[in-house]
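Structure at a glance
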Amino acid sequence: MLYKRTEYFRYTFGEPLDAEFRILKAEGQSNPGECKMVDLSPGGAKLYSSYDIPIGQDEAPRLSLKFTVYNYPLEVPGTVLWKKPFNQGHMYGFEFDEDRKIGELIIGELKLRRRAETDSNR
């Protein structure tokens, strides 16, 4: 079995996590839009939104994604890699800008969340 070191683990939420996005433009940011985070890794996330984020042929849209995994609010910029129709909206593949500190913070928050979930099930 081949292992790709650049691939991240993915944490899938039982109940999707509430999040907020803003489209980043040269002239500023859009108004906030609501989305649900289906899964999360240190390098990106799978999102669902009823909003139709336009994805052009030439350039992938840049977003700022705001969410709280456990108790530390995060705001992470990145790029939409793909879009697929789903229910009354779309699923999006979102890749975070490379930032080791953010990746480590996400891992720490996921560990705290998982520990709290495990403790509450006892």
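Note that the structure is a prediction, hence the values are computed from the model and not measured. (Residues numbered from 1 in each chain as written. Predicted model: local features only at pLDDT ≥ 70, side-chain atom pairs only at ≥ 80, totals over all residues. Heavy atoms only, no water.)

1. Observations regarding the overall build of the protein
The secondary structure content of the protein amounts to 1 helix and 7 strands. Walking the protein from its N terminus toward its C terminus, one meets helices and strands in the order β-β-β-β-β-β-β-α. In summary, the protein has a C-alpha radius of gyration of 15 Å against a globular reference of 14 Å for 122 residues, a match within 12%. Judged by the C-alpha coordinates and their principal axes, the protein covers about 45 × 35 × 30 Å. Here the protein holds 122 residues, and the buried ones make up 38% of them. Residue pairs at least 24 apart in sequence account for 57% of intrachain contacts in the protein once pairs closer than 6 positions are excluded. (Helix = DSSP H or I, 4+ residues; strand = E, 2+ residues; numbered from the N terminus. Rg over C-alpha atoms; globule rule 2.2 N^0.38 Å. Buried < 20%, exposed > 50% of the residue type's maximum accessible area, 1.4 Å probe, protein only. Contact = heavy atoms within 4.5 Å.)

2. Remarks on the environment of Leu-47
Within the secondary structure, Leu-47 is located in strand β4 (residues 44-49). Leu-47 gets classed as buried once you look at its relative accessible area, which sits at 2%. Taking the C-alpha atoms as reference points, Leu-47 and His-90, separated by 43 residues in sequence, lie 8.2 Å from one another. Beyond its immediate sequence surroundings of up to four residues, Leu-47 is in contact with Cys-35, Lys-36, Met-37, Leu-65, His-90, Met-91, Tyr-92 and Phe-94.

3. Examining the nonpolar core
The biggest cluster of nonpolar side chains holds 25 residues, and the ones touching the most others in it are Met-37, Leu-40, Leu-47, Leu-65, Phe-67, Phe-96 and Ile-106. Elements represented by at least two residues in this core include exactly β1 (11-25), β3 (33-41), β4, β5 (62-68), β6 (73-86), β7 (89-96) and α1 (100-120). A per-element tally of this core places β1 first, with 6 residues. (Core = buried A, V, L, I, M, F, W, Y, C linked by side-chain atoms within 4.5 Å.)

4. Things to note about the pairing of β7
Across the 8 residues that make up β7, a large majority, 7, are buried. Note: β4 against β7, 6 bridges, orientation antiparallel. Each bridged residue has a counterpart across the sheet, and for Tyr-48 the counterpart in β7 is Met-91. Here β6 folds back onto β7, and the loop between the two strands holds 2 residues, one of which, Asn-87, carries a positive phi near 50 degrees. (Pairing = 2+ DSSP bridges.)

5. So, α1
A turn of α-helix holds 3.6 residues, and therefore any two residues three or four places apart point the same way. The end-to-end C-alpha distance of α1 is 30 Å, a good match for the 30 Å that 21 residues give at a rise of 1.5 Å each. Listed in full, the buried residues belonging to α1 are Ile-102, Gly-103, Ile-106, Glu-109, Leu-110 and Arg-113. Taken down its axis, α1 places every buried residue within 130 degrees of arc, on the same side. Of the exposed residues in α1, the ones pointing more than 90 degrees away from its buried face are Arg-100, Lys-101 and Lys-111. Structurally, α1 contributes buried residues whose contacts are with β1, β3, β5, β6 and β7. Two to three positions downstream of the cap, the backbone nitrogen of Lys-101 sits 3.0 Å from a side-chain oxygen, assigning the N-cap of α1 to Asp-99. (Expected span 1.5 Å × (residues − 1). Arc of directions from axis to C-beta. Polar contact = N/O pair within 3.5 Å; in protein donor to acceptor, adjacent residues only side chain to side chain.)

The values are spatial; any link to function lies outside them.
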